[in-house]
Every structure is written in structure tokens, then in C-alpha cells.
Amino acid sequence: MSEPVAIIEEEVLPPSKGLFQERWDILKRNRMAYASFWFLMFLLALAFLGKLLTRYIVIFDPKIVRLSEKFLPPLTPFTSLITPKEDAPTFGIYFFGTDELGRDVFARMLEGTSVSLSVGFVAVGIMLTVGIIFGGIAGYYGRVKLGFVTVDTIVMRFVDIMLCFPTFFLILTVVALLPPSIYNIMIVIGLTSWMGTARFVRAEFLSLREQDFVAAARSQAIPEWRIIFIHMVPNAIAPVLVSATLGVASAILTESALSFLGFGVQPPDATWGNILSDGKNFLFDAPWLTFIPGFTILLVVLAFNLCGEGLREAFNPKLKTTT
Amino acid sequence: MVNFILRNIWQRIILLIFISIISHAIVHLAPGEPALVDPSNPRMKPEDIARIRAAFHLDEPLHIQYAYWVRDLFTGELKSFKDNQPVMEKIWERFLNSLPLFLIATMVTWCLAFPVGIRAAIHRDSTFDRSSTFISYALISIPGFFLSYLVIIFMVKTFNVPVLGMRTFGLEGASFLFQSMDRIWHLTIPALMSAIAGTAVLSRYVRSQMLEVIHQDYMRTARAKGLPEDQVIYRHGLRNALLPFITMFGLTIPGLIGGSVIFEQIFSWPGMGRLGYEAILARDFPIILTLNFMTAVLVLVGTLVSDILYAVVDPRIKF
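Residues numbered from 1 in each chain as written. Chains lettered and ligands numbered in written order. Predicted model: local features only at pLDDT ≥ 70, side-chain atom pairs only at ≥ 80, totals over all residues. Heavy atoms only, no water.

### Section: the overall build of chain B
Here is step 1 of the chain: Secondary structure summary: chain B contains 13 helices and 0 strands in total.
Here is step 2 of the chain: When the helices and strands of chain B are listed from N to C terminus, the series reads α-α-α-α-α-α-α-α-α-α-α-α-α.
Here is step 3 of the chain: In terms of overall dimensions, chain B has a C-alpha envelope of 85 × 60 × 35 Å along the principal axes.
Here is step 4 of the chain: Among the 319 residues that make up chain B, the fraction classed as buried is 43%. (Helix = DSSP H or I, 4+ residues; strand = E, 2+ residues; numbered from the N terminus. Buried < 20%, exposed > 50% of the residue type's maximum accessible area, 1.4 Å probe, protein only.)

### Regarding the overall build of chain A
Here is step 1 of the chain: Check the secondary structure of chain A and you find 12 helices and 4 strands.
Here is step 2 of the chain: In chain A, which comprises 323 residues, the proportion classed as buried is 51%.
Here is step 3 of the chain: Across chain A, contacts joining residues at least 24 apart in sequence account for 69% of those joining residues at least 6 apart.
Here is step 4 of the chain: Of the roughly 16,300 Å² of accessible surface on chain A, a fraction of 67% belongs to carbon and sulfur atoms. (Contact = heavy atoms within 4.5 Å. Areas by Shrake-Rupley, 256 points an atom, 1.4 Å probe, with all protein chains shown as cover.)

### Regarding the interface of chain B and chain A
Here is step 1 of the chain: Across the contact, 41 residues belong to chain B and 40 residues belong to chain A.
Here is step 2 of the chain: Interface area, chain B with chain A, both sides summed: about 3,700 Å², of which 83% is carbon and sulfur.
Here is step 3 of the chain: Considering only the surface of chain B that becomes buried against chain A, B:Tyr137, B:Phe145 and B:Phe146 emerge as the three largest contributors, covering 16% of it.
Here is step 4 of the chain: There are 0 salt bridges connecting chain B and chain A.
Here is step 5 of the chain: In this assembly, chain B and chain A are joined by 4 residue pairs in polar contact (both at pLDDT 80 or more).
Here is step 6 of the chain: Of the residues contributing to the side of chain B that touches chain A, the split by class is 30 nonpolar, 8 polar and 3 charged. (Buried area = accessible area lost by both parts, 1.4 Å probe. Salt bridge = Lys/Arg side-chain N within 4 Å of Asp/Glu carboxyl O. Polar contact = N/O pair within 3.5 Å; in protein donor to acceptor, adjacent residues only side chain to side chain. Nonpolar A, V, L, I, M, F, W, Y, C, P; charged D, E, K, R; others polar.)

### With respect to the nonpolar core
Here is step 1 of the chain: Counting 126 residues, the largest nonpolar core has A:Leu172, A:Phe205, A:Ile252 and A:Leu261 as the members making the most contacts within it.
Here is step 2 of the chain: Among the elements that make up this core, the one with the highest residue count is helix 3 (residues 105–140) of chain A (13 residues).
Here is step 3 of the chain: Leave out the neighbours within four places in its chain, and A:Leu261 touches A:Phe168, A:Leu172, B:Val261, B:Ile262, B:Gln265 and B:Tyr277.
Here is step 4 of the chain: Membership of the second largest hydrophobic core comes to 18 residues, among which are B:Ala113, B:Leu211, B:Val232 and B:Leu238. (Core = buried A, V, L, I, M, F, W, Y, C linked by side-chain atoms within 4.5 Å.)

### Description of the packing of helix 7 (residues 176–214) of chain B against helix 9 (residues 229–241) of chain B
Packed helix pairs are characterised by how far apart their axes lie and by the angle those axes make with each other.
Residue and element names in this part refer to chain B.
Here is step 1 of the chain: In the contact formed by helix 7 and helix 9, the axes pass within 9 Å of each other and the chain directions differ by 120 degrees. Considered as vectors, helix 7 and helix 9 are oriented oblique to each other. Note that helix 7 runs across helix 9; the crossing there is right-handed. Side by side, helix 7 and helix 9 meet where Gln209, Met210 and Val213 of the first sit next to Ile233, Gly237, Leu238, Asn240 and Ala241 of the second.
Here is step 2 of the chain: Of the residues belonging to the contact of helix 7 with helix 9, the class tally is 5 nonpolar, 3 polar and no charged. (Axes fitted to C-alpha atoms, helices over the stretch in contact; angles between N-to-C directions. Parallel < 35°, antiparallel > 145°, perpendicular 65-115°, else oblique. Left-handed = near helix turned anticlockwise from the far one by under 90°.)

### Quick notes on the packing of aromatic side chains
Working definition: an aromatic ring pair is given by the centre-to-centre distance plus the angle between the planes.
Here is step 1 of the chain: One pass over the structure, following the stated rule, counts 20 aromatic pairs over all chains.
Here is step 2 of the chain: Centre to centre, the rings of A:Phe37 and A:Trp38 are 5.3 Å apart; their planes meet at 75 degrees, and the pair counts as edge-to-face.
Here is step 3 of the chain: Of the residues examined, A:Phe37 reaches a relative accessible area of 22% and is grouped as partly exposed.
Here is step 4 of the chain: Between A:Phe263 and B:Tyr277, the aromatic rings sit 6.2 Å apart at their centres with planes inclined by 75 degrees, giving edge-to-face as the arrangement. Pair noted here: A:Phe263 is in the loop between helix 10 (237–261) and helix 11 (272–279) and B:Tyr277 is in helix 12 (residues 272–281), and the two residues belong to different chains.
Here is step 5 of the chain: The structure contains a cluster of three or more aromatic residues connected by ring pairs, namely B:Tyr66, B:Trp69, B:Phe74 and B:Phe293.
Here is step 6 of the chain: Positioned over the ring face of B:Phe128 is B:Arg119, at 4.6 Å from the centre of the ring. (Phe/Tyr/Trp six-rings, centres within 6.5 Å; stacked < 30°, edge-to-face > 60°. Lys NZ or Arg CZ within 6 Å of the ring centre and 35° of its normal.)

In C-alpha cells, the structure reads:
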């Protein structure tokens, strides 16, 4: 009598995937974004490698000056008799040529990779920290009254005030008045770009704070900072991740624009921005000094932008994996 | 409606006061001051520095300096530290130079971005869509000054036209036609260059707005009624997609001052951005502060106008 119930294939749910696994599959479908992602990973590895090589191996040293070797075009083999042998460039060839002081542009670009990326990442790190803290406060404690105004009003008015400053002008003012240093540039770029993140985080928090898991966490008397940072922030991370990726792109561009005006990272530190703005003085004699860093910045910033847009589409809740 | 506008103006005035206080504090608290611009000048004796500081009220407490600045600003007495010229006159002169650049750049931006964005959205995933997407990302990603240099070289080598400055030196005696042609040549390239990034960003926004609208139910209804496709897209679709751009238009106005530093510097265009840059280099506090203040006023007026327009255009918004 009792027949085993036949299991119908279609009714079995596919094994549930984690949020990131699911989104990752969507990102993979966007070929350009996926390729940009791996390009950026490669670049990150290159930056670390470049940092190590330029620091510890002498022939990679980007600061060696060889005045007899200046303005050599790219791919010139090292044949000089004047320059000592131990100052020869990497593999005995100037991949990207030399600049006005005879420094190896390849080694400088390699060093610039880590400096430029760290300017981008540290600036974005500051931007995210400030943005999450302000957005979190406005979202979580928004209804608390201080006197006659709510916390939300105070924080969001402050965001409005910050948005009223012309960003680049403000950065320029502060960087020009402060002593020039790479840390000041990172901090200033970070402190003038957090407003978007704060708005996103606040918007996410407004819906998150009404949800059951937050009520459950509160009922267990978990401290509020823990609820905010351990329970709520990971759930609001998607828009933050997107704005972080786009933020690195714009930080690299801002740094190069500052370098152009002479307020960027100061020599002897090499960044793509200051190699480019130094190179522009020799645009006709040595065009590679302009084109190599220029197209590098274009390529890398493009990769960050495409990757960020890919992430934005992947985290769009309207798009679900149909398979 | 009147109530809404009055309340908005009131809120913005309060914001403006805070902004001016904060920017005053930033500029004055940062290290470096006018007397220290040229520390190696042997003719600058300590008593000279003291005299300069006293003349510019730099020894007073901050809030008194702020009061002086506000009083001078509104009585029109504000003088530049550098050359003792009235600040408002200097800014007005530069404003007249910046205005044509800004107007043409804005016109190019809006006239190019909309057709491109709409077409990309209608023919989604077509070759046009893909290539315009890629090109706009590339244009956002390229450093503005790098692209400008490439274009300058290209233009000068190929067409042999002047691009730097506002006019060719020594053409003052030429006929009116010749002079205006010269002016237009000088204006074209900087305006195009400063329009490029804006065009790329705006066309992306237009595209995503149109995509949002195209799948709405009322679009299907309009098609089901048998309306011609053009009418569906431009009457039913575009009108709804346009709403957020009212806000964006308000936000482009401050670009008049802040957005153009780099381009005015490259093309040696004597506009407001460059005035600000020069003032920063010379620690010319009154000019920096006044420019900052005017930008803030422009932002606030821009958002106010767009809020009001929004309410006028969108009948769903009630007060």
C-alpha cells in the first residue's frame, strides 16, 4: 500500500548559496568587470612586488641618477661605458626609457604603483571609516533628540555643509597651506569624500534597524557599538563596497591633478601622477615620459571604474541569479 | 508654496552662516600665513611683519577677524591682501571671463549627453550601447590635463590654430570679425575639454534613468494603446526620466568656480578657478574666503531653484 513518494527533480531546491557566492556569479557574467577585477588583483601583486624589489634590490632602485643616460627611448639596451656596471637597469634594458636625470622609468613606475595605490587605498580607508561612523550614527541614533534637534538632523546638515564646499578647491586650499607630505594628501582626500558613503550607510541603516535580527540582538543586551559594527555594518556593506572601488579611482585621479598643480606627492617619492606631470615638460623631446604614466593611469582608473560598476550591478537586488 | 520657499531660504541662510564660519576657521587655523609667503626676503624685517599683521587684523582673535571679514564683505570694503584691490571687483572681472567657458561647456554637456544616453538605453546591449558605455568610462578615467595636452598638440600640429590664453597677443588692432573668430578658437578647446568628463557622467545617468522608466507599466499601457513608438518614448518615457536631472542641473552651477582650476591653469584662462589658485599660493585669505562663500551661495541657490522647479514640474509633489 504504502508507496514511496517519488521525489520530483524539479521540486528540490538548489543548494542555497551565500550572498557573496551568488553575487560573485552575477559579476562573472559581466566579462569586462570580471577582467578588470583580475587585472586589479595582478596590479596589487605587482605593487607589493615592486615595493619589495625597489626596496631591497639595488638594480631596481628608481632613484639612481645616470646623467650620461638621460632621455633614452624605451627598450634601449644598456650599453654605456661611463655608467658603472652595478648601476645598470633591470635586465640590462630600459623597458620604458629614462627620464631627464637618467633614472629608469620602469623602476620608477614600479615604485609609483605601490605609492599611487596606497594613496588610493588609505584615502578610501579614511573615507569609509568616517562615512560609516557618521552614517551609522545618523541611521542608528537618528531619532534621539539633543535639545530641540534630532541627531539625524545634525549629522545630515553637517553632510550638507560639507557638500557645499567645492571639493577640489578645498583639497587644494588645505594641501597648499599644510606642509607637503604624502600623508596629508591621503588624509585630505579621505576627509573630503566621505559624504556619499555616509548617505548610503544611513539609508541602509534606516531599513536595517527595524529588522528582527537587530531587535533580537538588542534583546540580548549586546552593547550598541557591537550591534552597529558587527551586526549591521556587514549587512550594509554592498553600497559601501561599490563606493569604495569608485573612490580609489577618483583618489588616484585627484592625486594626479594635485601633482599637476605641484601640490601632489613630493619627490623623491614617485607616483604615476608626478611622473606624468614631470614628463609633460619634455613632451616633444621625450614623449614616452608623458604617455607611459598617462596611459597607465587611464588603464588602472578605468579598471577600478568598470569593476565598481560591475559590483554595483551585481549587488543590485533586482538582479537575481535565475539558475 | 510660499511657506515652503520661505522655510527653505531660512534653512539655507543658517547653513550658509555655518559654512562661512567653518571655512574661515579652516583657512585661518591652517599653518602658513600671508606674512610668511616669502620668508627668505631680506627686506622683510620683524617690525614689517608685525605692521602687516596689524593692518590685516591678523593679531586679533578668530571671532573678531570673522566679524571684520563679514562686515567688509557686506559693505564692499573687502580688500585683497596681495595688491589691496577690492575683492569683489577682482572676482567680478574673472567671473566675466569664466562665464562663457562655463556656459558653452554646460551646453555641450547637456546637448551631447541626452541623445547619447537615450539612444543607449533604447537599444540596450547594442553595439552603440556597449561602445558608448566603454568610451564614457574611458573619458571619466583619463586625467583631464593629460587629455588636454594630447588635444593641444593635436590641434596645434594639425590645424595650426591658437589654443592658449583668451586671445592672441597683438590682435587688438584687427577688425571685429577677425577678433571674434580668434576669441572663438580660443574658447572652443578649453570648453570642450571641461565638458568631456561631465558629458560622460551625465550620459551614464541618462541611460540608467531611461532604463528605469522603459520597463514601467505605463510604458506598456502606452504601447498597448497603439501610440507610435516615438511618442511613447519621448512623451511618456523621457518626461518621467527627466525629473532627477532638475536636481543635477542645480548642482552644476558651482562648477563655475571649483571645477575649472585645472583647465584654466592648462589653457592659461584668467578665470575664477585660477584666481582661487593664485590666491591660495599667495595666502590671500579674503579672496579664498570670498570665493568659498560664493560657491556655497551658488550651491544653495542651485539646490533651492531645483527644489522649487521639482515642485512645479512634478504634480505628485504637494506641500
